[in-house]
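# Analysis of the macromolecular model
For reference, the chains in residue letters:
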Amino acid sequence: MTIEYPAEYWKDYELVDSGRGEKLERFGKYTLIRPEPKALWDKTLPESAWTKAAHVKFTPGAGFGKAGKEDSGTWDRLKRMDDQWQIAYKGEPDPETHAASDLNISLRLGLTSFKHVGVFPEQAPNWEFIFSETSRLVRINKANGLPAPKVLNLFAYTGAASLAAKAAGADVTHLDSVRQVVTWARDNMDRSGLDGIRWVVEDAMKFARREARRGNLYQGIILDPPAYGHGPDGEKWKLDELLFDLLKNVAAILAPRDSFMVLNLYSNGYSAMLGETLVHEAFGHDTLFRDISSGELALKDSFGKVLPLSIFVRVKR
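### Re the overall build of the protein
Helix and strand counts for the protein come out as 7 helices and 17 strands. For 317 residues, the compact-globule formula gives about 20 Å, and the C-alpha radius of gyration of the protein, at 19 Å, lands near that figure. Each of the 317 residues in the protein was classed as buried or not, and the buried ones make up 51%. Accessible surface computed for the protein: about 14800 Å², of which carbon and sulfur atoms make up 51%. Measuring between centres, the 42 positive side-chain charges of the protein sit 3 Å from its 43 negative side-chain charges.

Here it is as structure tokens:
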């Protein structure tokens, strides 16, 4: 198991400090205070320094602590700032040649009523993996006279992972159950100078089952499911009850060779080993993987405190 962090060269994001159930973060030119239940330690900086640095602070509302509503609340403005702003993510330079990466995306951020701002910065290592693996598949397909690899992003949110796959040359399908979020992702595509992503507003389980029945295959599948959620027609999603069935459908539509899958889980109580076991059981013990790896995605504040946020499982076939 490994622990991975966003690279230090990413200048548009910084976890300044963390502790007492909160995190002090800088996204581009604005600094925010947001709740973080996993930050169980003391803050390094005094409260006065947090308040002085921050433009806005999120205050949890009546739903705080209730399943499916724990992130609801309001933003208290401490300084003048825009409701929306933009940050950039440039991929890791080639470690040997130091040449710039073709992964260069722009993301619009905004203050939502659920403490989110439109990006999960700890996901940067997954973006790098997706870009690298998709680039490899593009080269393989081209050498064999095949079209661009098809990549499916389920629970795709505002689309940073979709943009990473598209920047590498994939034929990308981006699926989310919330139309406004898909619109946000489309805006991110335009800001990044990309085009051609297929947008789908649908329940992820329904889509995966239908693709399995049709025999459709993808060379890349990305899934980052929430603990709770609803489809566009009121379908209920509960991670503990439906994840294994979803993974079995994903196993049916992932190409048997020259393919990859990324599973990311935020739910408390899920471990990397649990994620690997779920994947092995869903795909079947006779399935041969070229590689399977798992670990945690974390942020490290400027004082060295490590904040683990999610677990990942990555499969190469």
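Moving on from the model shown.
### Considerations on the environment of I140
Looking at the element boundaries, I140 is found in helix α2 (residues 124–143). It is 8.1 Å that separates the C-alpha atoms of I140 and D258, two residues lying 118 residues apart in sequence.

### So, the packing of aromatic side chains
Counting across every chain of the model gives 12 aromatic pairs. The interplanar angle of 90° and the centroid separation of 5.3 Å between the aromatic rings of Y30 and W85 together place this pair among those described as edge-to-face. Of the two residues, Y30 is situated in strand β4 (residues 30–35) and W85 in strand β7 (residues 84–90); the sequence distance between them amounts to 55 residues. Across the pair, W85 and Y30 agree in class, each one buried. With a centroid separation of 5.1 Å and an interplanar angle of 80°, the aromatic rings of Y89 and W127 are classed as edge-to-face. Note that Y89 is positioned in strand β7 and W127 in helix α2, a separation of 38 residues in sequence. Take Y89 and W127: they sit in the same class, and that class is buried. Ring pairing ties together the aromatic residues W10, Y13, F27, Y89 and W127, which thus form one cluster.

### Considerations on the environment of A148
Tracing the backbone through its elements, the reader meets A148 in the loop between α2 and β9 (150–154). You can call A148 partly exposed: its relative accessible area is 38%. Between the C-alpha atom of A148 and that of D171, which follows or precedes it by 23 residues, the distance is 5.9 Å. Not counting residues up to four positions away in its chain, the partners in contact with A148 are N141, G169, A170 and D171.

### Re the nonpolar core
In terms of nonpolar packing, the biggest core is built from 46 residues, with F27, L107 and W127 touching the most fellow members. For this core, the element with the most residues is α2, which contributes 6 residues. In this structure, F27 is in contact with D12, Y13, L32, R34, W85, I87, L109, V117, V119 and P121, ignoring residues within four places of it in sequence. L175, L254, Y270 and F283 belong to the second largest nonpolar core, which has 33 residues in total.

### Brief notes about a nonpolar patch on the surface
Among the surface-exposed residues, M1, I3 and V306 lie close enough to one another that they form a single nonpolar patch of about 290 Å² accessible area. Along the chain, M1 falls in the segment before β1 (2–4).

### A few points about the pairing of β4
Regular strands place side chains that alternate from one sheet face to the opposite one. Of all the 6 residues making up β4, 6 are buried; the element is thus mostly covered by neighbouring parts of the structure. The side-chain alternation of β4 yields two buried faces, one formed by Y30, L32 and R34 and the other by T31, I33 and P35. Note that strand β3 (residues 22–27) and β4 share 6 bridges and pair antiparallel. Within β4, the residue paired with E25 across the bridge is L32. Counted along the chain from β3 to the antiparallel partner β4, the turn is 2 residues long, and its residue G28 has a positive phi close to 65°. With 2 bridges joining them, β4 and strand β5 (residues 56–60) adopt parallel strand pairing. Counterpart to I33 in the pairing with β5 is K57.

### What about the sheet that holds strand β12 (residues 220–223)?
Ordered in space as β1-β16-β17-β15-β12-β9-β10-β11, the 8 strands form an open sheet in which the pairing is mixed. On the outer flanks of this sheet lie β1 and β11 (198–201), each paired with one strand and no other. Strand after strand, the sheet turns through a mean of 20° between neighbouring axes, direction not considered. Two strands pair when backbone bridges link them, and β9 and β12 are joined in this way by 4 bridges, in the parallel orientation. Residue pairing across strands places V151 opposite G220, the latter belonging to β12. Contacts from helix α4 (residues 179–191) reach β10 (171–176) and β11, with the element oriented near 165° to β11.

### Digging into the sheet that holds strand β2 (residues 13–19)
Strand order in the open sheet made by the 5 strands is β2-β3-β4-β5-β6, with mixed pairing throughout. What marks the edges here is a single partner per strand, and that holds for β2 and β6 (73–77). Pairwise comparison of adjacent strand axes, ignoring direction, gives a mean angle of 20° for this sheet.

Rules used throughout
- Each residue is numbered by its place in its chain's sequence as written, counting from 1.
- Per-residue local features of the predicted model are confined to residues with pLDDT of at least 70, and side-chain atom pairs are confined, for both listing and counting, to 80 or more; whole-chain, interface and lining totals are unaffected and use all residues.
- As a convention, hydrogens and water are excluded, and side-chain values are obtained from all of the structure's heavy atoms.
- Only DSSP runs of H or I with at least four residues qualify as helices, and only runs of E with at least two residues qualify as strands; both kinds are numbered from the N terminus onward.
- Radius of gyration means the value over C-alpha atoms here, while the globule rule gives 2.2 Å times the residue count to the 0.38 power.
- Residue exposure (1.4 Å probe, protein chains only): buried if accessible area is under 20% of the type maximum, exposed if over 50%, otherwise partly exposed.
- Residue burial considers only the protein chains on display, and all accessible areas are found by Shrake-Rupley using a 1.4 Å probe.
- Lys and Arg are tallied as positive, Asp and Glu as negative. Neither His nor the chain termini are counted.
- We put the charge of a Lys on NZ, of an Arg on CZ, of an Asp on CG and of a Glu on CD.
- Whether two aromatic rings pair depends on their centres lying within 6.5 Å, for rings of Phe, Tyr and Trp, where Trp uses its six-membered ring; planes under 30 degrees apart make the pair stacked, over 60 edge-to-face, and the rest tilted.
- A contact between two residues is defined here by any heavy atoms of the two lying within 4.5 Å.
- To qualify as a nonpolar core, a set must consist of buried Ala, Val, Leu, Ile, Met, Phe, Trp, Tyr and Cys residues joined through side-chain atoms within 4.5 Å.
- Patch membership requires over 30% relative accessible area and the absence of a salt bridge. Like charges are linked within 9 Å, and nonpolar side chains (Val, Leu, Ile, Met, Phe, Trp, Tyr) within 5 Å.
- The term salt bridge refers to a pairing of a side-chain nitrogen on Lys or Arg with a carboxyl oxygen on Asp or Glu at a separation within 4 Å.
- Pairing between strands requires that DSSP locate at least two bridges from one strand to the other.
- Each axis is a line fitted through C-alpha atoms, and for a helix only the stretch in contact is used; angles between axes span 0 to 180 degrees, taken between their N-to-C directions.

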